[in-house]
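Residues per chain, in single letters:
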Amino acid sequence: MLIKTENLWKIYEVGAEKVHAVQGISLEVEKGEYLAIMGPSGSGKSTLMNLIGCLDTPTRGKYFLNGQLVSQLTDDELARIRSKEIGFVFQTFNLLPRATALHNVELPLIYNGTPSAERIRRAKDALKMVDLEDRMTHRPNELSGGQRQRVALARALSNNPSIILADEPTGNLDTATGSEIMQLFGRLHSQGNTLIVITHEAEVARYADRIIHIRDGKIEKEERLTKQG
Amino acid sequence: MNIFEIKEGMGMAWDSLKANKMRSFLTILGVLIGVAAVIGMVSIIQGLNKSMATQIESLGSNTIYVTKEEIGIRLGRTPAEIRKRKPITFDDAMAVQELCPSVGAVSPQNWGPGRKVAKYKKNELTRFQLIGVMPSYEEVNNNYIKEGRFITSIDVHYKTKVCVLGEDIVEGLFPHVDPIGKDITLGGRNFSPKRFTIIGVMEKRPSILGESQNNFILLPYDTYKTLYPEEKELLLVAKPITPELMEKAIDEITEVMRRRRGVPSDKPNDFAVSTQDDLMDVYHQITNAIYLVMVVISSIALLVGGVGVMNIMLVSVTERTREIGIRKAIGARRKDVLWQFLIEAMTLSGSGGVLGIVFGLGLSKFISMVSPLPATVPFLWVLIGFSVAVSVGLIFGIYPAYRAAKVDPIVSLRYE
């Protein structure tokens, strides 16, 4: 089992008020799975993504990633896990504006201490996987939205993570470009990558094997989709 | 922290330096000025040190000076006690010669004050030293005759109208003629022009701090006295028989002078006996004072520069909160971010240091071109200047870098 959470809670204190963003979520994700987490805004899906992505720790409950209990780790230990196990794709791409595409993709490898020659080789490979090998020296402002998201995807792939975690990956893209990106996700999944997509759009969630619907911090329902083709 | 991160940090630092050229330049101005001040001044002072060493070698190190006042720098008015002291006289010089067994030679020397003119045909010089000397001058001052002959005791005794010239006078008055045997006319404040026959030319001495040491005319001591009868004050220069007898010679001279000037045994000397080392000490006092002023000036500049670096780094951290969040999300630890910003601050201040070094060296080169002050490249201080500049970045970068390291990736990724 790649991901196993047991009764996860996340409670924020906003002033005197307590916000129960995640309320006792238990879920399991297997290696090689393509999962969508769906819910309207305010449903707690972003908080759940932060927990799964090891950006945050739960108030209560346990989270095992690759069999390792990660719910009680310190900030730096979580950073270590992120640099090895998780690749993020964000709605707003979040590329470094002054760095080239290649350098953006190299970044996770810098932080996990990959030697220079191997780092460049792996970054180039990752860019090849998203069909951007001819845009390596371009900066984000010289790339289209779809190309930027592909650079972000290459960055997520470069450190060969256990999970690719995408938060509204098509939210800032037009429909055509968005479906291109989703097809790319499908290709990466077929190559054996584990994908988790967080979205509020049924269109986007439809590409996954399984959809978990979240509402008010709880799992509302779970549906399994039969593979097409 | 690994080598890639250092490279990454420096690369990012360069990018942000280039992206904000004007802002970066203004930020490092303080560091630049601080380092430039140190490098420029050290370069000049070390140049001076070199030329002082040359001077000492040229004078010979075992020379003793007897003067009315202590050698040194005095701030403000000379105290009455010192102004009322008796002059050092020719008789004192003779007494030292006779009564001090360790003293090999004594040279009383007197400089003619006031306006002077030396003429040969149409050529005329007004800026030179007119010195009355004894035959011992050559040996004591370690400066010998090059052509012709030196002043003898017969010249002194009969007050002959002869003179010996320094190289500069020869060049000024006799550009194309052999001066030996020619007559020149000397005039002064208190005496009408008189004719003197040139009997010799002295060896050239190296210049000190760009000032020539060959701009003089030597006269027999008693001849000189006929021109300046009222001048009692003189400089008494002595030399021990051998360098080993230096200390002994100084003791003997001090003893003789105290007796002649009637200094009671419980009172300090009312005159000074100094050596080359004392002259060197005075010189070092001056340079140390300059060093101190320099350190103060550059410390202030570096402090201001450091605060500038801190300020701009804080701005940079705020501007790049999102970037920090991205880096953290993809695996950067606190210390990775901390080092990135420290390296950026050090790159910023370090480039100020490099510019300061270049500017300082250029400044000293310029000074040495337009003035007689020499300049050297002080390698050690170039290294120190650079290290200090980098350290300023390190010290003043700590707080901004700490703020950057504390950024929460969840919050900063939402930051627009």
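Residues numbered from 1 in each chain as written. Chains lettered and ligands numbered in written order. Predicted model: local features only at pLDDT ≥ 70, side-chain atom pairs only at ≥ 80, totals over all residues. Heavy atoms only, no water.

## Observations concerning the overall build of chain A
Item 1. Along chain A, the regular secondary structure elements total seven helices and 10 strands.
Item 2. Considering only C-alpha atoms, chain A reaches an extent of 50 × 40 × 35 Å along its principal axes.
Item 3. Residues counted as buried form 54% of the 229 residues belonging to chain A.
Item 4. Of the roughly 10,100 Å² of accessible surface on chain A, a fraction of 46% belongs to carbon and sulfur atoms.
Item 5. Each charge sign in chain A was given a centre, from 29 positive and 29 negative side chains, and these centres are 3 Å apart. (Helix = DSSP H or I, 4+ residues; strand = E, 2+ residues; numbered from the N terminus. Buried < 20%, exposed > 50% of the residue type's maximum accessible area, 1.4 Å probe, protein only. Areas by Shrake-Rupley, 256 points an atom, 1.4 Å probe, with all protein chains shown as cover. Lys, Arg positive; Asp, Glu negative; His and termini not counted. Charge placed at Lys NZ, Arg CZ, Asp CG, Glu CD.)

## Regarding the interface of chain B and chain A
Item 1. Listed per partner, the contact involves 26 residues of chain B and 27 residues of chain A.
Item 2. With both chains or domains summed, chain B and chain A bury close to 2,400 Å², and 59% of this area falls on carbon and sulfur atoms.
Item 3. The largest per-residue losses of area from chain B upon contact with chain A belong to Phe4(B), Ile330(B) and Ile410(B), which jointly make up 27% of the total buried on that side.
Item 4. Where chain B meets chain A, there are one salt bridge.
Item 5. Note that Arg334(B) is salt-bridged to Asp75(A), the shortest N-O span being 2.9 Å.
Item 6. Where the side of chain B that touches chain A is concerned, the elements lending two or more residues are α1 (3-19), α11 (321-329), α12 (334-370) and α14 (409-414) of chain B.
Item 7. Among the elements that line the side of chain B that touches chain A, the one with the most residues is α1(B), at seven residues. (Contact = heavy atoms within 4.5 Å. Buried area = accessible area lost by both parts, 1.4 Å probe. Salt bridge = Lys/Arg side-chain N within 4 Å of Asp/Glu carboxyl O.)

## Notes on unusual backbone geometry
Item 1. You will see that Asp131(A), though not glycine, has its phi angle at about 60°, which is positive.
Item 2. Among the structural elements, Asp131(A) can be located in the loop between α4 (116-129) and α5 (145-158).
Item 3. Of note in this structure, Asn142(B) is not a glycine but carries a positive phi near 60°.
Item 4. Relative to the assigned elements, Asn142(B) resides in the loop between α5 (137-141) and β6 (145-148).

## Here's the deal with the pairing of strand β7 (residues 162-165) of chain B
All names here are of chain B.
Item 1. Side chains Val162 and Val164 of β7 all project onto a buried face; the interleaved residues Cys163 and Leu165 project onto the opposite face, where all are buried too.
Item 2. By the bridge criterion, four bridges tie β7 to strand β9 (residues 194-202) in an arrangement that is parallel. Along β9, the bridge assignment pairs Cys163 with Ile198. (Pairing = 2+ DSSP bridges.)

## Observations concerning the domain arrangement of chain B
Item 1. Each assigned domain of chain B is listed here: domain 1 (3-55 + 281-414) and domain 2 (64-275).
Item 2. On a C-alpha basis, the centroid separation for the pair domain 1 of chain B and domain 2 of chain B is 53 Å. (Domains from an automatic or database assignment.)

## Quick look at helix α2 (residues 75-85) of chain A
Item 1. Buried residues of α2(A): Leu78(A), Ala79(A), Ile81(A), Arg82(A), Ser83(A) and Glu85(A), and no others.
Item 2. Buried positions along α2(A) lie against β4 (60-65), β5 (68-69), β6 (86-89) and β7 (163-167) of chain A together with α11 of chain B.

## Points about the pairing of β7(A)
On a regular strand, one side chain projects to one face of the sheet and the next to the other, so that they alternate.
All names here are of chain A.
Item 1. With five of its five residues buried, β7 lies for the most part within the structure.
Item 2. Residues Ile163, Leu165 and Asp167 point to one face of β7 and Ile164 and Ala166 to the other, with burial holding for every one of them.
Item 3. Of the pairings in the sheet, the one linking β6 to β7 comprises four bridges and is parallel in character. Among the inter-strand pairings, Ile86 is bridged to a residue of β7, identified as Ile163.
Item 4. As paired elements, β7 and strand β8 (residues 194-199) share five bridges and run parallel to each other. Pairing of Leu165 across the sheet is with Ile196, part of β8.

## Brief notes about the packing of α12(B) against helix α13 (residues 379-405) of chain B
Describing two packed helices takes the angle between their axes plus the distance from one axis to the other.
Residues and elements named next belong to chain B.
Item 1. Running from amino to carboxyl end, α12 crosses α13 at an angle of 150°, the nearest separation of the two axes being 7 Å. Every pair of crossing elements has a handedness; the one defined by α12 and α13 is right-handed.
Item 2. For the contact of α12 with α13, the per-class residue count stands at 19 nonpolar, five polar and one charged. (Axes fitted to C-alpha atoms, helices over the stretch in contact; angles between N-to-C directions. Left-handed = near helix turned anticlockwise from the far one by under 90°. Nonpolar A, V, L, I, M, F, W, Y, C, P; charged D, E, K, R; others polar.)

## Structural notes on empty space enclosed by the protein
Item 1. Taken as a whole and assessed by the stated rule, the structure comprises three cavities of 30 Å³ or more.
Item 2. Looking at the largest cavity, its volume works out to about 120 Å³.
Item 3. Taken together, 13 residues make up the lining of the largest cavity; nearest its centre are Ser16(B), Arg23(B), Ser24(B), Glu344(B) and Leu348(B).
Item 4. Here the residues of the lining of the largest cavity are counted per class, giving five nonpolar, five polar and three charged.
Item 5. Of the voids in this model, the second largest cavity is the one considered here, and its volume is about 40 Å³.
Item 6. Lining the second largest cavity we find Tyr111(A), Glu5(B), Glu8(B), Gly9(B), Asp336(B), Trp339(B) and Gln340(B).
Item 7. Elements with a contribution of two residues or more to the lining of the second largest cavity: α1 and α12 of chain B. (1 Å grid on protein atoms, 1.4 Å probe; cavity = no way out; pocket = protein on both sides within 12 Å on 5 of 7 lines; lining within 4 Å. Points joined across faces, edges and corners; volume = space filled by probe spheres on them.)

## Let's talk about the sheet that holds strand β2 (residues 17-29) of chain A
Item 1. Spatial strand order, β2-β1-β4-β5 (chain A): four strands in an open sheet with antiparallel pairing. Two strands close off the open sheet at either side, each with one partner strand: β2 and β5 of chain A.

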